[in-house]
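These are the residues of each chain, in order.
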Amino acid sequence: MFAAGAIAEEDKLDRAETGRVLRRSLQFAQPYRRTIWWAIALVCLSTMCTLAGPVLVKFGLDHGIGSGSARALNVAVAGYVVVVIVAYFVGRSQYLAINRAGEGFLRDLRVTVFDKLQAQSMAYFDRNKAGVLVSRMTADIESMGELIQWGLLQFVGAGLLLVMTLILMTAMSWQLTLMVVLFVAPVLGVASIRFQRQSNAAYLDVRERVGTNLSNLQEGITGVRVIQAYGRETEQERRFVVTNRALYRSHLHSVKISTWYFGLVEWSGIMSIALIVGVGGFLVHHGSVKFGTVAAFVLLLANLFDPVQQLSQLYNTVQSAAASLHKLYALMDAEPDVAEHPRPVQLPLEGELVAHAVTFAYDGTERPALHDVSLGVKPGERVALVGPTGAGKSTLAKLLSRLYDPTSGYVSYGDVDVRLASLASLRERVVVVPQEGFLFGGTIMDNIRIARPAATDNDVAAALVAIGALERFQEFPEGLDTEVRERGSRLSAGERQLVSLARAALVDPAVLVLDEATSNLDPGTEAVVEQALERLMTGRSVIVVAHRLSTVQRADRIAVIDHARLVEIGTHDELMALGGKYHALASAWARSQPVVDPSAGR
Ligand code: ATP
């Protein structure tokens, strides 16, 4: 059976690419080269022990039993015991050494890949699904581990054993060796080439089926609420049964390939023994070889067939690891789209945040999500972004906070192009408060402190006081030390929003970019959150993607975004007087009816 991982097509690397990928890994293995060399030395020693067994048997038979020398027999037996003991300790040390190097390598690799992922910008996560990235960190790194821990050892060990066995056999009797080679080489040569081709195809097929089955499984679990809500369990089950059956067949097919090949290798082994015993017996009879040589040959034959089996399996391990490495390296080589300038400048403490004719299209989309938009937000000013769904409001907010860089045009703060600014100073000046702040495992205190890890307990409490939410959390039995549990399931929706606002208050930025929550809270909680928000916004520049009339009316200016363009800008009264898009939108809000965009669907 073959190791399994993700998708197949991308797994097919050509020989040159495989070589390049493996060579690059050698550089990564540099810090462990001493341990690896030590493990290789131990493998060589262990091979010598394996070869010493048949040699000692030959010695014992020919010089001990054959010549009637008790001393020679004792030496052979004692030698054998020593070899077995040494082999045990060598095997153990070799196992420890290679695992130390392999696990260390994987530990470093995981950290490098994780760091790289954390540094990526939003566009990267638009392009790559979280599930695929997680499989890079798990299945791909695991398949790498298999190569490092077993592949390398097997390659050295099996290769050395094969060569040394042939040399030893030739030294004992070239006639018998020639006979074994003439019989075994054509059978195993042809079979191994066929096996490699078939098993590679079967292996890729298994990986593809595992990928499909996994994604089906994942959808079934994450989408279980929708599935149950619409009573679609049976369809879901049927879909899963189909992909699961395909996986079962694919596994069975791969097993069949393995069985014919390994069966043939075993058959060749047994036939070779029969051949050696028959022909060897004949030669012993004629006095051209000794009895001990034939016995040693029978034992040595195992050393010939085991490595062949191991080396043919190794091919799949190398293929799989090279494919995994290829994907990991692609991830490591990805440069963040939003990168820090090599010589970044500090942003001024205060200034106007301005979008200068920005145009932006998401990766893989042709139509810009924002087209030629210019907008300035003065210190202390509140600007509300309104417009129909999908118009580009959130996109403008993301550009203003440099979660993405515009395709053309630029954003400046205090007359400094934000692309020249240090990311740290930018994140201190401009803070984005998402609709639903993600909560990490840990306490409420930990979750707020994420915004500024150096903050003291008092700073966190002060941030909560600033938004008027300290008492709310102090009422909890363990106060701010209450565990939020997975994704904040211990907290209500309103409390989660308060944590999110407290994070922003802790940074104390000059500019706040808010995506107003669309989900409704109960009126009591809503009032608490509203109050906290109002306190947070006081004295700062605010850009808010607004969904409520009350928020819009409190803004100094309102920017109407429609079909990726800024179509109207002004105060509530000005825009109402204009009688355009905003008028229609505000009237619809006032009637609490959904906004119908007359041009939608064009
Ligand atoms: P809403 O009020 O519904 O949140 P919005 O005005 O904020 O809408 P945006 O989120 O800015 O709209 O989206 C503008 C356009 O860009 C939409 O057509 C949307 O489908 C597209 N879009 C948004 N995010 C992405 C993304 N990550 N990748 C590709 N297209 C996107």
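Reading the values: rules and limits
Residues numbered from 1 in each chain as written. Predicted model: local features only at pLDDT ≥ 70, side-chain atom pairs only at ≥ 80, totals over all residues. Heavy atoms only, no water. Helix = DSSP H or I, 4+ residues; strand = E, 2+ residues; numbered from the N terminus. Rg over C-alpha atoms; globule rule 2.2 N^0.38 Å. Buried < 20%, exposed > 50% of the residue type's maximum accessible area, 1.4 Å probe, protein only. Contact = heavy atoms within 4.5 Å. Lys, Arg positive; Asp, Glu negative; His and termini not counted. Charge placed at Lys NZ, Arg CZ, Asp CG, Glu CD. Domains from an automatic or database assignment. Buried area = accessible area lost by both parts, 1.4 Å probe. Salt bridge = Lys/Arg side-chain N within 4 Å of Asp/Glu carboxyl O. Pairing = 2+ DSSP bridges. Axes fitted to C-alpha atoms, helices over the stretch in contact; angles between N-to-C directions. Near = heavy atom within 4 Å. Polar contact = N/O pair within 3.5 Å; in protein donor to acceptor, adjacent residues only side chain to side chain. Areas by Shrake-Rupley, 256 points an atom, 1.4 Å probe, with all protein chains shown as cover. Nonpolar A, V, L, I, M, F, W, Y, C, P; charged D, E, K, R; others polar. Disulfide = S-S within 2.5 Å. Parallel < 35°, antiparallel > 145°, perpendicular 65-115°, else oblique. Left-handed = near helix turned anticlockwise from the far one by under 90°. Expected span 1.5 Å × (residues − 1). Core = buried A, V, L, I, M, F, W, Y, C linked by side-chain atoms within 4.5 Å. Phe/Tyr/Trp six-rings, centres within 6.5 Å; stacked < 30°, edge-to-face > 60°.

(A) Up close: the overall build of the chain. In terms of regular secondary structure, the chain is built from 19 helices and ten strands. Expected size for 602 residues packed as a compact globule is a radius of gyration near 25 Å; at 35 Å, the chain overshoots this value by more than 25%. Taking the principal axes of its C-alpha atoms as reference, the chain extends roughly 120 × 50 × 50 Å. Looking at the chain residue by residue over its 602 residues, the buried ones come to 46%. For the chain, long-range pairs separated by at least 24 residues make up 78% of all intrachain contacts whose partners lie at least 6 apart in sequence. When the 57 basic and 59 acidic side-chain charges of the chain are each reduced to a single mean position, those positions are 8 Å apart.

(B) Representation of the domain arrangement of the chain in the model. In terms of domains, the chain is made up of domain 1 (15-333) and domain 2 (353-592). Spacing between the C-alpha centres of domain 1 and domain 2 amounts to 55 Å. At the interface, five residues of domain 1 touch four residues of domain 2. Across the interface of domain 1 and domain 2, roughly 350 Å² is buried in total on both sides, 54% from carbon and sulfur atoms. Looking at the side of domain 1 facing domain 2, the largest losses of area belong to Met 122, Asp 126 and Arg 127, adding up to 80% of the total buried there. Counting across the domain 1 and domain 2 interface gives zero salt bridges.

(C) Local environment of the sheet that holds strand β6 (residues 430-433). Spatial ordering of the open sheet is given by β6-β7-β8-β3-β9-β10, a layout of six strands whose pairing is mixed. Where the open sheet ends on each side, the last strands, each with one partner, are β6 and β10 (565-570). Each strand of the sheet is rotated relative to its neighbour by a mean of 20 degrees, with strand direction disregarded. For strand β3 (residues 382-386) and strand β9 (residues 557-562), the ladder comprises four bridges, and the chain directions are parallel. Bridge pairing in β9 links Val 383 to Arg 557.

(D) The arrangement of the site of the ligand in detail. In the neighbourhood of the ligand, the contacting residues comprise Asp 126, Tyr 362, Ala 369, Pro 388, Thr 389, Gly 390, Ala 391, Gly 392, Lys 393, Ser 394, Thr 395 and His 547. Interatomic distance of 3.1 Å between a backbone N/O atom of Ala 391 and an oxygen atom of the ligand. With respect to the ligand, the backbone of Gly 392 contributes an N or O atom lying 2.9 Å from an oxygen atom. Within the complex, the protein chains bury 65% of what would otherwise be the 630 Å² of accessible surface of the ligand. If one sorts the elements of the shell around the ligand by residue count, helix α10 (residues 393-400) sits on top with three residues. A per-class count over the shell around the ligand returns four nonpolar, six polar and two charged.

(E) Here's a closer look at unusual backbone geometry. Backbone geometry at Asp 372 places phi at a positive 50 degrees, although glycine is not the residue there. For Asp 372, the position within the fold is in strand β2 (residues 370-377). Here His 563, not a glycine, exhibits a phi torsion of approximately 45 degrees, which is positive. For His 563, the position within the fold is in the loop between β9 and β10.

(F) Structural view of the side chain of Thr 47. Looking at the element boundaries, Thr 47 is found in helix α2 (residues 33-66). Within the local environment of Thr 47, its side chain forms a polar contact with the backbone oxygen of Val 43, the two atoms lying 2.8 Å apart. In this view, Thr 47 contacts Gly 157, Leu 160 and Leu 161; residues no more than four positions away in its chain are not counted.

(G) Quick peek at the pattern of salt bridges. A full pass over the atoms with the stated rule returns 19 salt bridges. The residue Arg 429 makes a salt bridge to Glu 428 at a minimum N-O spacing of 3.6 Å. Close ionic contact of Asp 457 with Arg 449 constitutes a salt bridge, the shortest N to O distance being 3.1 Å. By sharing partners, the salt bridges in this structure join Arg 382, Glu 530, Glu 534, Arg 548 and Arg 554 into a single network.

(H) Seen up close, the state of the cysteines. Applying the stated criterion across every chain yields a total of zero disulfides. Here Cys 44 is not disulfide-linked; the sulfur of Cys 49 is the nearest cysteine sulfur, at 11 Å. Taking relative accessible area as the criterion, Cys 44 reaches 26% and is therefore assigned partly exposed. Overall, the relative accessible area of 11% leaves Cys 49 in the buried class.

(I) Summary view of the packing of helix α3 (residues 70-119) against helix α9 (residues 291-333). The geometry of α3 relative to α9 is characterised by a closest axis approach of 9 Å and an angle of 45 degrees between their N-to-C directions. Accordingly, the angle class assigned to the pair α3 and α9 is oblique. Note on packing geometry: the crossing formed by α3 with α9 is left-handed. In this structure, α3 contributes Leu 109, Thr 112, Val 113, Lys 116 and Leu 117 to the contact, and α9 contributes Leu 328, Leu 331 and Met 332. For the contact of α3 with α9, the class distribution of residues is six nonpolar, one polar and one charged.

(J) Summary view of helix α8 (residues 233-285). With 53 residues, α8 should cover 78 Å at 1.5 Å per step; its first-to-last C-alpha distance of 76 Å lies within 8% of that length. Positive phi shows up at Gly 287, right after α8, with a value of about 75 degrees.

(K) Main features of the nonpolar core. By size, the foremost hydrophobic cluster in this structure holds 49 residues, and its most contacted members are Val 386, Ile 444, Leu 464, Ile 467, Phe 473, Ile 558 and Tyr 582. Counting residues per element, this core draws most heavily on helix α15 (residues 493-507), which supplies eight residues. Not counting the four nearest positions on each side in its chain, Tyr 582 is found in contact with Val 386, Leu 549, Val 552, Ile 558, Val 560, Glu 568, His 572, Leu 575 and Met 576. The next biggest cluster of nonpolar side chains, apart from the first, holds 34 residues, and it includes Phe 360, Leu 385, Leu 399 and Tyr 404.

(L) Region of the structure containing the packing of aromatic side chains. Within this structure, the stated rule accounts for eleven aromatic pairs. The interplanar angle of 85 degrees and the centroid separation of 6.0 Å between the aromatic rings of Trp 260 and Tyr 261 together place this pair among those described as edge-to-face. Overall, the relative accessible area of 30% leaves Trp 260 in the partly exposed class. Residue Tyr 261 is classed as buried on the basis of its relative accessible area of 0%. What links up through ring pairs into an aromatic cluster is the set Phe 195, Trp 260, Tyr 261 and Phe 262.

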